[in-house]
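Structural overview for review
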Amino acid sequence: LAPARTSTPPGRSATQPSLAHMPLVSLPVSAICALSQCVALFSTFFFSAPATVLLPETARFVGRFIWLTFQTNWMLLFYYVLCCAASVFSLPLLDGILIGLFPLAFALAIFLTAAYYALDHFNPEQVLRRATMSKNGYPYIQLSAHLEHGMAAIFIFFFTYS
């Protein structure tokens, strides 16, 4: 007679965790990345000028959602929160969705940082605009610009290599 089969695959001890039940990314990494997006959004609301000050006509209908930066930061926060949920609740279906959404999250984060520093940060008109806003009641607008745009790429790399 053949020996009885066990549920543990050959070469693996019964105490080693199965890869099928391991989360994509650990909860602390996902939580730190989600927190980074909270900081970016916090800086948008409390350090930057309101959208109605920067773009009075356009922003009166959609507010801060006029900017791709604001939209992207919310999408990345949502992605990282879903990663936290997948880590806590071990949801294989959610893991599959997150794997499928990862290229989008990665591309958005890299684009947000790269496009800001390549197109906006050193643009003379924007430098003057931020300097003017800094003198007119928004002293932390420079810090806000860095927090809103710069952290996305840093934390997506941290997330990727964890």
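See the structure above.
A few points on the structure. Keep in mind it's a predicted model, so treat the numbers as computed, not measured.

About the thresholds
- Chains are numbered independently. Their residues run from 1 in the order of the written sequence.
- Two thresholds apply to this predicted model, a pLDDT of at least 70 for residue-level local features and 80 or more for giving and counting side-chain atom pairs, whereas whole-chain, interface and lining totals are computed over all residues.
- Calculated side-chain values reflect all of the structure's heavy atoms, with hydrogen atoms and water omitted.
- Note on definitions: salt bridges are taken to be side-chain nitrogens of Lys or Arg within 4 Å of carboxyl oxygens of Asp or Glu.
- For the purposes of this entry, the term helix denotes a DSSP run of H or I that reaches at least four residues, the term strand denotes a run of E that reaches at least two, and both are numbered from the N terminus.
- Only protein chains enter the accessibility calculation, which uses a 1.4 Å probe; a residue is then buried when its area is under 20% of its type maximum, exposed when over 50%, and partly exposed in between.
- Two rings from Phe, Tyr or Trp (for Trp, the six-membered ring) form a pair when their centres sit within 6.5 Å of each other. Planes less than 30 degrees apart are called stacked, planes more than 60 degrees apart edge-to-face, and all others tilted.
- To obtain each axis, a line is fitted to C-alpha atoms, and for helices this fit is confined to the stretch in contact; angles are then taken between N-to-C directions over 0 to 180 degrees.
- Oblique is the label for any angle not covered by the other classes, which are roughly parallel (under 35 degrees), roughly antiparallel (over 145) and roughly perpendicular (65 to 115).
- Take the far helix as the reference: if the near one is turned anticlockwise from it by less than a right angle, the crossing is left-handed, and if turned clockwise, right-handed.
- Contacts between residues were defined by any pair of non-hydrogen atoms, one from each residue, lying within 4.5 Å.
- The classification used treats Ala, Val, Leu, Ile, Met, Phe, Trp, Tyr, Cys and Pro as nonpolar, Asp, Glu, Lys and Arg as charged, and all other residues, Gly among them, as polar.
- We define a nonpolar core as any set of buried Ala, Val, Leu, Ile, Met, Phe, Trp, Tyr and Cys residues linked to one another through side-chain atoms lying within 4.5 Å.

Quick look at the pattern of salt bridges
Scanning the entire structure with this criterion turns up two salt bridges. Note that Glu 57 and Arg 60 form a salt bridge whose closest N and O atoms lie 3.8 Å from each other. Residue Glu 57 and its partner Arg 60 are located together in helix H3 (residues 56–62), separated by three residues, close to a single helical turn. In this structure, Glu 57 and Arg 60 share a single accessibility class: exposed. Between Asp 120 and Arg 130 there is a salt bridge, and its shortest N-O distance comes to 3.4 Å. Placement of the pair is Asp 120 in helix H5 (residues 92–120) and Arg 130 in helix H6 (residues 124–135), with a sequence separation of 10 residues.

Quick notes on the packing of aromatic side chains
All chains considered together, the criterion is met by 15 aromatic pairs. Between Tyr 79 and Phe 159 the ring centres are 5.8 Å apart and the planes differ by 70°, which places this aromatic pair in the edge-to-face class. Pair noted here: Tyr 79 is in helix H4 (residues 68–89) and Phe 159 is in helix H7 (residues 141–160), with a separation of 80 residues, a long-range link. By the burial criterion, Tyr 79 is buried, and Phe 159 matches it. Counting every residue linked through ring pairs, the aromatic cluster contains Tyr 79, Tyr 80, Phe 102, Phe 106, Phe 157, Phe 159 and Tyr 161.

Thoughts on the packing of helix H1 (residues 27–46) against H4
Contact pair H1 / H4: the axes reach a minimum separation of 8 Å and the direction vectors enclose 155°. Relative to H4, H1 is oriented roughly antiparallel. In this structure, H1 crosses over H4, and the sense of that crossing is left-handed. From H1, Leu 27, Ser 30, Ala 31, Cys 33, Ala 34, Gln 37, Cys 38, Ala 40, Leu 41, Thr 44 and Phe 45 reach across to H4, where they touch Phe 70, Asn 73, Trp 74, Leu 76, Leu 77, Tyr 80, Val 81, Cys 83, Cys 84, Ser 87 and Val 88. Of the residues that constitute the contact of H1 with H4, the class distribution is 17 nonpolar, five polar and no charged.

Some remarks on the nonpolar core
Cys 33, Leu 76, Tyr 79, Tyr 80, Leu 98 and Phe 159 are the most contacted members of the largest nonpolar core, which has 25 residues in total. Mapped onto this core, the elements with two or more residues apiece are H1, H4, H5 and H7. Counting residues per element, this core draws most heavily on H4, at eight residues. Apart from the residues lying within four places of it in its own chain, the contact partners of Leu 76 are Gln 37, Ala 105, Ala 109 and Ala 152.

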